[in-house]
Amino acid sequence: MKIPEFQSIFNELRNWLSSRGLAGNELIYSYFFIGLVGVTLFLFITIFITRQVFIGAVKGARTKSNWQIALFEFRVFRAFALIFGAYIIYNAVPFVFIDFKNWLFYALIFARIYIVLAVMFAINAFLNALVSIMEASRKYADKPIRSYKQVAKIVFYIVGFVLILSIILNESPVYIFGGFGAVTAVFILVFRDPILGFVASVQMSAIDLVRVGDWITVEKYGADGEVTEINLTTIKVRNWDKTVTIVPSYAIVSESFKNWRAMEESEGRRIKRHINIKISSIKFCDEELIGRLKSIDFLKDYLKETQLQIETFNAENTVNPNNLVNGRHMTNIGTFRVYAEKYLESNPFINTDLTFMVRQLQATENGLPIEIYVFSKEKGLKKFEEVAADIFDHLLAAVPYFDLEIFQSPSGSDMRDFVRRGND
């Protein structure tokens, strides 16, 4: 509705009141009261009708899209209806307060502020609906959409605050923005975390550091679990013990952290554990031990081929057979290592296309470590641990068959047995 139409309506109202014999203050206050009540009723009726038209269009659709559902859920139609109502108020105020010049000044200020607030409310509702739609989309489900929404809201709130301040002070918004230069340092101090968080969010999105649903470990903050939410200033991590850790967004780009997504997207999860062998149990394989080991299916062919190679080498080099140190001979630790490789190769849960090693590490006071360095096809925590446990259950049980012993620090009962045997 345009201003001339408002003018015509209010002129008709004044003429009607005059025709009823009202004049002077009676005419002025009657015109003001009726005009104010009439505009208020017209405002609510218009807002109600506008909302019902939009809502009816959404409810009447046979198939509702995500857009329709989100716009209805976040009351976007009501927000835009308020903008239309603000337009009505702004155009009606000059005619309602035409006889009250002092009040008219403040009424226009109120009307302008109401328009700004209505627009801000509509933008806020639309942003909420937009973010809801994008988060429901697979394309944006793992992106920090909420961070960008919060930044956009901060920008709109600042602009809205400046516009309201300019209306109250009756100054140009450009003048108000120019005054911000004097308080830049304070502004940066107050909004330090949002600014750092926004920069971090942009960096995380640009180089795809963290997504919602990623498993991350941030030791400094005690976080080890799944990312459930990425906001402007914080990242919420639900740890595996069901606690929640809040990590500052800027910490992700400024400090060290571990993201397990690459492992989850790869073809295997690493098993890297070792068994400590008691060094005093390591020895050359004699005929008796070799005879027993030949009954192991995984070693049958290996022992036959290796024994033939050793005998050929020793014969060609005229090695003295009376001492096993002379020439080449198999050891129980080396044979066990080969057995472990053969066993792991036959395990259907091990990905042999990735790094596959059974190796010796540096001997220590705790014995000689035999490390298993392979990748499990099972990457879920429970299945992965089951695969690793099954492997080491078997290997630990197999160690004695090679006349080897697992190193274990003596316990209190071991020391008591030792003392008792010494006394006996």
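Residues numbered from 1 in each chain as written. Predicted model: local features only at pLDDT ≥ 70, side-chain atom pairs only at ≥ 80, totals over all residues. Heavy atoms only, no water.

Turning to the packing of aromatic side chains, a few remarks are in order. Going through the model one piece at a time under the given rule, you end up with 9 aromatic pairs. Both rings, one in Trp-215 and one in Trp-240, keep their centres 5.5 Å apart while their planes meet at 80°; by these two values the pair is edge-to-face. Of this pair, Trp-215 sits in strand β1 (residues 215-218) while Trp-240 sits in the loop between β3 (234-239) and β4 (244-248); the two residues are 25 residues apart in sequence, bridging distant segments of the chain. A relative accessible area of 10% means that Trp-215 is categorised as buried. Judged by centre distance (5.6 Å) and plane angle (50°), the rings of Tyr-339 and Phe-402 are tilted. On the criterion of sequence distance, the pair formed by Tyr-339 in helix α14 (residues 332-345) and Phe-402 in the loop between α15 (381-398) and α16 (412-423) is long-range, its members being 63 residues apart. Pair check on accessibility: Tyr-339 and Phe-402 agree, each one buried. (Phe/Tyr/Trp six-rings, centres within 6.5 Å; stacked < 30°, edge-to-face > 60°. Helix = DSSP H or I, 4+ residues; strand = E, 2+ residues; numbered from the N terminus. Buried < 20%, exposed > 50% of the residue type's maximum accessible area, 1.4 Å probe, protein only.)

Our focus in this paragraph is a negative patch on the surface. Where like charges cluster on the molecular surface, the negative patch consists of Asp-286, Glu-287, Glu-288 and Glu-311. Tracing the sequence through the fold places Glu-311 in helix α13 (residues 297-316). Of the residues examined, Glu-311 reaches a relative accessible area of 46% and is grouped as partly exposed. (Patch = residues over 30% accessible without salt bridge, like charges linked within 9 Å, V, L, I, M, F, W, Y side chains within 5 Å. Areas by Shrake-Rupley, 256 points an atom, 1.4 Å probe, with all protein chains shown as cover. Salt bridge = Lys/Arg side-chain N within 4 Å of Asp/Glu carboxyl O. Lys, Arg positive; Asp, Glu negative; His and termini not counted. Charge placed at Lys NZ, Arg CZ, Asp CG, Glu CD.)

All right, on to the sheet that holds β1 then. The strands that make up a sheet pair up through hydrogen bonds in the backbone, lying either parallel or antiparallel. The antiparallel open sheet is built from 5 strands, whose spatial order is β4-β3-β2-β1-β5. This sheet does not close on itself; its edge strands, each paired only once, are β4 and β5 (258-259). Pairing of β1 with strand β2 (residues 223-230) involves 4 bridges; the strand directions are antiparallel. Paired with Val-218 across the two strands is Ala-223, which belongs to β2. (Pairing = 2+ DSSP bridges.)

To continue, consider the UniProt feature "transmembrane region" (unreviewed entry) in the protein. UniProt records the feature "transmembrane region" (unreviewed entry) at residues 28-55, 76-97, 103-130, 151-168 and 174-191, using the numbering of this structure. Within the segment residues 103-130, helix and strand shares are 100% and 0% respectively, and the terminal C-alpha atoms sit 40 Å apart. (UniProt positions renumbered as here; feature names shortened; annotations may be inferred.)

What follows covers the nonpolar core. Counting residues in hydrophobic clusters, the biggest one holds 35 residues, and the most contacted among them are Ile-271, Leu-299, Tyr-339, Ile-391, Leu-395 and Phe-402. Secondary-structure elements contributing two or more residues to this core are β6 (269-277), α12 (287-293), α13, α14, β8 (368-376) and α15. With residues up to four places along the chain from it excluded, the contact list for Leu-299 reads Leu-293, Thr-335, Val-338, Tyr-339 and Phe-402. If you look at the next biggest cluster of nonpolar residues, it comprises 21 residues, including Leu-27, Val-39, Phe-95 and Ala-107. (Core = buried A, V, L, I, M, F, W, Y, C linked by side-chain atoms within 4.5 Å. Contact = heavy atoms within 4.5 Å.)

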